[in-house]
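Close look at the chain arrangement
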Amino acid sequence: MALSRSARRSSRWLALATAVASAATIAAAPAATPGAPGIGDPYFPGLGNGGYTPLHYDLGVSYHPDSGRLDGRATVSARATQDLSSFDLDLQKLTVDQVRVDGRPARFSRTGDELVVRPGRVLSRGERFAVTVVYHGVPQPLSGPIVFGSQYGWMKTKDGVFVACEPNAASTWFPSSDHPDEKATYDVRIDAPKGLTGVSNGRLVGSGERGGRSWFHWRESRPMAPYLATATIGKFDVRTGTTPGGTPIYVATDPTLPTGKVDVYGVTAEATDYWSKLFGPYPFEETGAIVDDMPQAGFSLEVQSKPAYSAVRSESTIVHELAHQWFGDSVSVRQWKDIWLNEGFATYAQWLWSEHRGTTTAHDAFRKAYAAAPADDAFWKIKVSDPQRDTMFSDAVYERGAMTLQALRERIGDRAFFRLLPAWTARHRYGNADTADFVALAEKVSGQRLGDLFHTWLDTRSRPALPGE
């Protein structure tokens, strides 16, 4: 096809204009930048990571109890939330052998507890990608004032390891975006010496033996915060079945422990079904427990789908940890300062259980706890809505958090209160929320203004008057 002189001139001007416009567009495009090394939580500024959203973790861990060595391979599938030139993962102490992004080698470096990954190309906003980290080392537990002065995280036992990681120890055994606002689904494959059992979250989808070792493949198909993940290994007696309400149950118990007076399997089944009536449908595919001989851990933990019990085992503890499956695991905090939404609710559940058993009412449990702390007690000096990092698990967060809920119940009445609890777990199922979200929903369900009540019980640093006084 031939063009006239005028057409050729017009064509040249059009080409020039297009080139200029394209150059302007390129110049205006935002440059790729590194993802932030933290999610912005003031209690743990370095935890979580910016620039992407984790979607799924595929973890393979091989543990050698004699040496304590862990060999790991973690593939994190994620979606970029900005144009990324690099991004971080949280990983404490362990040695990184290799990093790949979408199957291609990537450069990496370490800055404190941050693993900085530089892919071979820019990751565009909205793009899905997968980073694989091969690593090894001897994981070390954390300690300090946060968890009652106890060690926590990856803790060696006489025959394996007890793994309970709240609040910041998931990254001691796998690379992650280690913050509760960074939920994802999980596949966890555990390799251990023959004769040991590896227990993790969700459902067991496969197990077997090869080369003198045992392997277990667990799948958690519901979103989970990293600190709730476990890979507990040891000699266990395993009992499986279903609760009377039909929820699958898996209980692993260290056979060396005394039988005791508590039927962990029975209480777990009963409490799972009862809480399902009060709090809404059980949020996960399986319920259960991991009962291990770990007396150095002065706590139990609401590991998702299977709470882990160490030296602390009682019916009251079991119902507390199971209540966390709704309050803490399914509905998780947006920032750690709102931890009363986990612990206050689970403590209040213990009062509700006593009410269910007919031993005492929540009304009386509230007043007993209130009377046990005189007005000048340090208990009342903690600001429950923002208790600060080193006192985030103080008694006040648990007990005064529970008192707040009973004060709310007495203000709005049982009908509204017991509508509120399942409404809360339904609205934020598998998500994150904060105190303002709960106050707003409580006001909506009750039709009352409740700001004064929550301010009095959560924000003040003095002993409030009892309701009605």
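As recorded by an unreviewed UniProt entry, the chain carries the name Aminopeptidase N and is attributed to Streptomyces lunalinharesii. UniProt annotates the chain under Cofactor (unreviewed entry) with the comment "Zn(2+)".

On to the pattern of salt bridges, then. Considering all chains together, one arrives at 22 salt bridges under this definition. A salt bridge links Arg-189 to Asp-58, with the shortest nitrogen-to-oxygen separation between them at 2.4 Å. In this pair, Arg-189 is assigned in strand 12 (residues 184-193) and Asp-58 in strand 2 (residues 52-64), connecting sequence segments 131 residues apart. In this structure, Asp-414 engages Arg-409 in a salt bridge whose closest nitrogen and oxygen atoms are separated by 2.8 Å. The class of Asp-414 is partly exposed, set by a relative accessible area of 40%. Bridged by salt links that share partners, the residues Asp-102, Arg-121 and Glu-127 form one connected network.

Applying the stated criterion to the full structure yields one cavity of 30 Å³ or more. Estimates place the volume of the largest cavity at around 40 Å³. What lines the largest cavity is simply Phe-327, Gly-328, Val-331, Ser-332, Val-333, Leu-341, Asn-342, Trp-424 and Ala-433. Each residue belonging to the lining of the largest cavity can be placed in one class, and the counts come to six nonpolar, three polar and no charged.

Turning to the UniProt feature "domain: Aminopeptidase N-like N-terminal" (unreviewed entry) in the chain, a few remarks are in order. Mapped onto this numbering, the UniProt entry gives "domain: Aminopeptidase N-like N-terminal" (unreviewed entry) at residues 54-228. Across residues 54-228, the secondary structure splits into 0% helix and 57% strand, with the terminal C-alpha atoms separated by 15 Å.

This part takes up the packing of aromatic side chains. Inspection of the entire model under this criterion finds 35 aromatic pairs. Relative to Phe-345, the ring of Trp-340 lies with its centre 5.7 Å away and its plane at 45°, an arrangement referred to as tilted. On the accessibility criterion, Phe-345 (3% relative accessible area) is buried. It is Arg-239 that lies over the ring of Tyr-265; its NZ or CZ is 3.7 Å from the centre. Directly above the aromatic system of Tyr-250 lies the positively charged group of Lys-306, at a separation of 5.8 Å from the ring centroid.

The rules behind these values
Throughout, a residue's number is its position along its own chain's written sequence, starting from 1. Only residues with pLDDT of 70 or above have their local features reported here, since the model is predicted, and side-chain atom pairs are shown and tallied only from 80 upward, although totals for entire chains, interfaces and linings are computed over all residues. Hydrogens are left out, water is left out, and the side-chain values use all remaining heavy atoms of the structure. UniProt positions are given in the numbering used here, feature names are shortened, and annotations may be inferred rather than shown by experiment. Should a side-chain nitrogen of Lys or Arg be within 4 Å of a carboxyl oxygen of Asp or Glu, the pair is scored as a salt bridge. For the purposes of this entry, the term helix denotes a DSSP run of H or I that reaches at least four residues, the term strand denotes a run of E that reaches at least two, and both are numbered from the N terminus. Throughout this description, buried means an accessible area under 20% of the type-specific maximum (1.4 Å probe, protein chains only), exposed means over 50%, and partly exposed covers the range between. Buriedness of a pocket was judged along seven lines, with at least five required to meet protein on both sides within 12 Å; pockets are open sets of points on a 1 Å grid over the protein atoms alone, cavities are sets where a 1.4 Å probe fits but cannot get out, and lining residues have an atom within 4 Å of a point. Grid points are joined across faces, edges and corners, and a volume is the space filled by probe spheres set on the points. Each residue is assigned to one class: nonpolar for Ala, Val, Leu, Ile, Met, Phe, Trp, Tyr, Cys and Pro, charged for Asp, Glu, Lys and Arg, and polar for all the others, Gly among them. Here a pair means two rings of Phe, Tyr or Trp (six-membered ring of Trp) with centres within 6.5 Å. Their orientation is stacked below 30 degrees between planes, edge-to-face above 60, and tilted elsewhere. Lysine NZ or arginine CZ positioned within 6 Å of the ring centre and within 35 degrees of the ring normal marks a charge as sitting over the ring.

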